[in-house]
There are 2 protein chains.
Amino acid sequence: MSNATATPESTRPASARWISSSNNLTQQFLSFGGQPDMVSLAGGLPAAELYPVAAIQAASQRALANHGTAALEYGPVEGLPALRQLIADRVSAETGGSFSPANVMLTTGAMQALDLIGKVLVDAGDLIVTQSPTYVGALDAWRPRSPRYHKLDWTLHDPSLDRNLREAKFVYTVPNYSNPTGVLVSQECRAALLEKVIEAGTWLVEDDPYHSLQLDGPTGQTILHHYVAQNPGPYAGPVIYLGTVSKSLVPGLRVGWIIAEANLIQSLAVAKMSSDLSSSMFTQAVAFELLHANVDRTHAATMIPAYRERRDALCREAALRLSPWFEWETPVGGMFVWMRARNNAIDTNELYRFAVEEKVAFVPSSVFDFTGEDRFAMRVNFTRNAPEVLAEGVRRLERAIRNYLAAQKTP
Amino acid sequence: MSNATATPESTRPASARWISSSNNLTQQFLSFGGQPDMVSLAGGLPAAELYPVAAIQAASQRALANHGTAALEYGPVEGLPALRQLIADRVSAETGGSFSPANVMLTTGAMQALDLIGKVLVDAGDLIVTQSPTYVGALDAWRPRSPRYHKLDWTLHDPSLDRNLREAKFVYTVPNYSNPTGVLVSQECRAALLEKVIEAGTWLVEDDPYHSLQLDGPTGQTILHHYVAQNPGPYAGPVIYLGTVSKSLVPGLRVGWIIAEANLIQSLAVAKMSSDLSSSMFTQAVAFELLHANVDRTHAATMIPAYRERRDALCREAALRLSPWFEWETPVGGMFVWMRARNNAIDTNELYRFAVEEKVAFVPSSVFDFTGEDRFAMRVNFTRNAPEVLAEGVRRLERAIRNYLAAQKTP
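The structure contained in this document is the topic of the report that follows. Here the residue numbers are simple positions, counted from 1 along each chain's written sequence. Labels follow written order: the first chain is A, the first ligand is 1, and so on. Only residues with pLDDT of at least 70 are given local features in this predicted model, and only at 80 or more are side-chain atom pairs given and counted; all residues enter the totals for whole chains, interfaces and linings. To get the side-chain values, all heavy atoms of the structure are used, and hydrogens and water are removed first.

Brief notes about the overall build of chain A
Applied cut-off: For helices the rule is a DSSP run of H or I covering at least 4 residues; for strands it is a run of E covering at least 2, with both sets numbered from the N terminus onward. In this setup the radius of gyration rests on C-alpha atoms only. A globule is expected at 2.2 Å times the number of residues raised to 0.38. Throughout, the Shrake-Rupley method with a 1.4 Å probe supplies accessible areas, and for residues the shown protein chains are the sole cover considered. For this count, His and the chain ends are skipped, Lys and Arg are scored as positive, and Asp and Glu as negative. Here the site of a charge means atom NZ of a Lys, CZ of an Arg, CG of an Asp or CD of a Glu.
A count of helical and extended segments in chain A gives 14 helices and 13 strands. The C-alpha radius of gyration of chain A comes to 22 Å, within 12% of the 22 Å expected for a compact globule of 411 residues. Viewed in the frame of its principal axes, chain A has a C-alpha envelope of about 70 × 65 × 50 Å. Roughly 14,100 Å² of accessible area belongs to chain A as shown, and the carbon and sulfur atoms make up 52% of that amount. Positive and negative side-chain charges in chain A, numbering 36 and 41 respectively, have mean positions lying 4 Å apart.

Encoded structure:
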């Protein structure tokens, strides 16, 4: 009688079509991170041992003491009013602009912001212009909406760019220490792209999670700042700016935000309501208390020297061991070194298998490319592990490369 | 020069098509709740003055002390392992079944579970069989996927039901104290629907947020329990069960969960990763500490007598003042009284305008109907306000009804 009435799983209804085109690589990388003997250079995770635990403990007490039951309610869809005001005040001070809470919506990390932007702006077949290689999470977020992509060339020499911008729902960019390449886009390129976006009448998503990780000096102005400098007064510009405390404090609060024109914020709020009613008011109240006390700014003073040391340790060991096969620029901030195989001689999708055997993980370039065709680079993280672990990871990578090359020679 | 380079908002790209079909009523109701002179009988909110604030304060300290930096990380997409285990253990104990953490995924409230189910199972034009009137949040969650609907008649007398079940991606039900009607579905109807679902080879979503609000005795077995009683062994059934701490503890932690067959959980995890990477590990650790200490169960002993008193106060005053025009069953649990206009003589979409003038809010029936055609009932909440406020709300409703009827007579 057991299972007599059960239907085999395979006869149940099929999944939505996008599921079959999804990758589960990010999940694999996250789970590798949990294996104790694996050196994971794959994730985009901060150093857990640096988390300001005591400050968060104190902030969570203040959250309930100062915000009371308001920290335990559903709360407004757009988020805790005090935190929206604080973020509006900060960006107004930083840019000289005039932002109000109506320009700010809080999200479950900046990742949810990407999901909501897709929900609000994209129907199947719509065009997104994106830098490429690009953040794999952004491609994941938009896959359920089935968009098309056009690659943004930051030099803006692409003769079809203007036409594609006019057709696009939005442009996606990570100008500060881009994921995956670590590149800091020049001020000239930012200004020139903004001008083209305004001419074309489209939106520009400026995703800025790494803003606080300024290892070798300041980032310069955000694209949002460029816009505001030209257009003072209440903000109604085309830049959709995404921020988060995931890199400046901790990811586990899942507090991110969108800064945008007020009508777009209202559409995003409709999408957010249909996604989860609201994010946690409790973690937003904790984040408010932390930002109000400038814990993110004081925490940067701890994080930055540690991350600089890690970046240097990784790049030093890599220069010794990997430079026969890979080349890279030392990034001036962020979390990643982007290593490109010389002469496209190493397929990193293939190398990955050998790396896992040597118990080291990275992210192969193909997942950052909407065509999946770039198979000759890898993203290597330097923030999560201590310098000596990073050096060990590089030694394992060298062995993996040698094993890969030996296997290539054997028919 | 100000705004010289700004593009008028209206020339920017259009929103996705579903946005224009969305309703902003829920947002209106939530915001009415915040007006101090409005008596809102509209929301589905617990009584804030009953929130176990001290227990949550203590639990948030234990969360960091016991879980350390694991409570501050991105964490696994599926949620904090300890809380998944606790929920699997609880449901195994309650049903006699055999559930593991692989059957459990944590979500940002049960609302996100609805969003993820839509993302994973529904392509445009796919069929959902749903009880109707139904939870407006479920209709909101699925609108971006553009489904079709067929109404579930709980008597199962609908001759087209079997055919529609075979075509449907899933059936949506709220058997315990349904939203909006407050109905407790009989054990016989639950068992009979389950049998039909198994025969048809589809999924059945059992949304159970009000489970703990048992004002007049136990709910009886969940549909999940019915399935497990017939099918012991590791769970692989068609029931997708949704739980939450939003009504049993507080909504502001945004901790809900899905219990389902393990392969479906994996697809839902892909969808969740593309939505927000993970929910907050911090609030999940707080929820773990609360459930581990059985705070939800002790809290029920405080909540239930208070909610019973409120329900009775509302129904008593309504019997005195509203029964010439409306009729209702006193609900045996949950949060709502569903009041239906006698002889469909009052259009509650129209009445709503008069109610707002008298500073009282309810939810008109049209928003719970996927066709929007049921305009002759209203959902009235009894948990959020003290008994005397509920009575005042009913008095205002009476005035609104009289004003509405007077206006009907004036051509």
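A closer look at the sheet that holds strand β3 (residues 127-131) of chain A
Residues and elements named next belong to chain A. Here is the rule: By this definition, two strands are paired if DSSP reports at least two bridges between them. Throughout, an axis means a line fitted to C-alpha atoms (over the contacting stretch in the case of helices), and angles, computed between N-to-C directions, take values from 0 to 180 degrees. Note on definitions: a residue-residue contact is assigned when non-hydrogen atoms from the two residues lie within 4.5 Å.
What the seven strands build is an open sheet, ordered β2-β8-β7-β6-β5-β3-β4; its pairing is mixed. Each edge of the open sheet is held by one strand with a lone partner, namely β2 (104-108) and β4 (148-152). The sheet shows a mean angle of 25° between the axes of neighbouring strands, direction not considered. Across four bridges, the pairing between strand β6 (residues 203-207) and strand β7 (residues 239-244) is parallel. Note on β7: the bridge partner recorded for E206 is Y241. Together, β5 (170-173), β6, β7 and β8 (255-259) form the strand contacts of helix α9 (residues 223-230), whose direction differs from that of β7 by roughly 135°.

Quick look at the pairing of strand β8 (residues 255-259) of chain B
Residue and element names in this part refer to chain B. Test applied: A 1.4 Å probe rolled over the protein chains alone gives each residue an accessible area, and that area as a share of the maximum for its type sets the label: buried under 20%, exposed over 50%, partly exposed in between.
The element β8 is extensively covered by neighbouring structure, given that five of its five residues are classed as buried. The pairing of strand β2 (residues 104-108) with β8 spans five bridges and is classified as antiparallel. Paired with T108 across the two strands is V255, which belongs to β8. Taken together, the four bridges between strand β7 (residues 239-244) and β8 define a ladder with antiparallel strand orientation. Residue pairing in the sheet places Y241 in a bridge with I259 of β8.

Regarding the relation of the copies chain A and chain B
Between the two chain copies there is a screw-like relation: a rotation about an axis and a shift along it. Convention followed: All copies are superposed by least squares; the fitting set is the C-alpha atoms of residues with a pLDDT of at least 70 in both.
If you rotate chain A by 180° and push it 0.0 Å along the axis, it lands on chain B with an RMSD of 0.0 Å. Both copies are brought into coincidence by an operation consistent with a two-fold rotation axis. When you check the interface residues of chain A against chain B, 100% turn up at the interface there too, and the contact is symmetric in its surfaces.

Examining helix α3 (residues 53-67) of chain B
All names here are of chain B. Rules: The span expected for a helix works out to 1.5 Å for each residue beyond the first. Working definition: the arc comes from the directions between the helix axis and the C-beta atoms, pointing outward to the latter.
Compared with the 21 Å implied by 1.5 Å per residue over 15 residues, the 21 Å span of α3 between its first and last C-alpha is a close match. Among all positions in α3, only I56, A59, S60, A63, L64 and H67 are buried. Angularly, the buried residues of α3 cover 135° about the axis, an arc narrow enough to put them on a single face. What points out from α3, more than 90 degrees from its buried face, is the exposed set A54, A65 and N66.

A few points about the pairing of β4 of chain A
All names here are of chain A. What counts here: Handedness rule for crossovers: strands pointing away from the viewer, path from the first strand over the helix to the second running clockwise, crossover right-handed.
Two elements, β3 and β4, share five bridges in a ladder whose sense is parallel. Within β4, the residue paired with Q131 across the bridge is L152. Chirality of the crossover, the property in question, places the unit of β3, helix α6 (residues 136-142) and β4 among those that are right-handed.

A few points about the packing of helix α5 (residues 109-121) of chain A against helix α10 (residues 262-276) of chain A
All names here are of chain A. Inclusion rule: Orientation is classified from the angle alone, with under 35 degrees giving roughly parallel, over 145 giving roughly antiparallel, 65 to 115 giving roughly perpendicular, and any other angle giving oblique. We call Asp, Glu, Lys and Arg charged. Ala, Val, Leu, Ile, Met, Phe, Trp, Tyr, Cys and Pro are nonpolar, and the rest, Gly among them, are polar.
Relative orientation of the contacting elements α5 and α10 amounts to 105°, with a least axis distance of 9 Å. Judged by the inter-axis angle, α5 sits roughly perpendicular to α10. Between α5 and α10, the contacting residues are Q112, D115, L116, I117, K119, V120 and L121 on the first element and L264, S267, L268, A271, K272, S274, S275 and D276 on the second. Of the residues contributing to the contact of α5 with α10, the split by class is seven nonpolar, four polar and four charged.

Points about helix α10 (residues 262-276) of chain B
The periodicity of an α-helix, 3.6 residues per turn, causes residues three or four places apart in sequence to face the same way. All names here are of chain B. Compared with the 21 Å implied by 1.5 Å per residue over 15 residues, the 21 Å span of α10 between its first and last C-alpha is a close match. Taken across its 15 residues, α10 has 12 buried, putting it largely inside the fold. The first or second residue beyond α10 is L277, which carries a positive phi of 70°.

Some details on the interface of chain A and chain B
This is how the line gets drawn: Take the accessible area each of two parts loses on contact, using a 1.4 Å probe, and add the two losses: that sum is the buried area. The salt bridge definition used is simple: a Lys or Arg side-chain nitrogen within 4 Å of an Asp or Glu carboxyl oxygen. Nitrogen and oxygen atoms within 3.5 Å of one another constitute a polar contact, given that in protein one can donate a hydrogen and the other can accept it, and given that sequence-neighbouring residues count only through two side-chain atoms.
With 92 residues of chain A at the interface, the matching set in chain B holds 94 residues. In this assembly, chain A packs against chain B so that about 7,600 Å² is buried in total across both faces, 55% of it on carbon and sulfur atoms. Across the contact surface, chain A and chain B share six salt bridges. With a closest N to O distance of 2.8 Å, E73 of chain B and R384 of chain A form a salt bridge. Where chain A meets chain B, there are 32 residue pairs in polar contact (both at pLDDT 80 or more). Contributing elements (two or more residues each) for the side of chain A that touches chain B: α1 (17-20), α2 (25-33), α3 (53-67), α5, α6, α9, α10 and α11 (281-292) of chain A. Ranked by residue count, the leading element in the side of chain A that touches chain B is α10 of chain A, at 10 residues. Its residues assigned to classes, the side of chain A that touches chain B shows 43 nonpolar, 33 polar and 16 charged.

Regarding the environment of P364 of chain A
Turning to its location among the elements, P364 of chain A is positioned in strand β12 (residues 363-364). Considering only alpha carbons, one finds P364 of chain A and I258 of chain A, 106 residues apart in sequence, at a separation of 29 Å.

Observations concerning the side chain of E317 of chain A
Residue and element names in this part refer to chain A. Looking at where E317 falls in the secondary structure, it is placed in helix α12 (residues 295-321). Given a relative accessible area of 13%, E317 falls into the buried group. Residues within four places of E317 in sequence aside, it is in contact with A391, V394 and R395.

Structural notes on the pattern of salt bridges
Residues and elements named next belong to chain A. Under the definition given, this model contains 54 salt bridges over all chains. The residue E49 makes a salt bridge to R310 at a minimum N-O spacing of 2.6 Å. Here the residue E49 occupies a position in the loop between β1 (39-40) and α3, and R310 occupies one in helix α12, the gap between them amounting to 261 residues. K272 is the salt-bridge partner of D276, the closest N and O atoms lying 3.1 Å from each other. Of this pair, D276 and K272 both sit in helix α10, four residues apart, which is roughly one turn of that helix. On the basis of relative accessible area, D276 is assigned to the buried category, the value being 0%. Residue classification places K272 among the buried positions, given a relative accessible area of 0%.

Worth remembering: the numbers are spatial, not functional.
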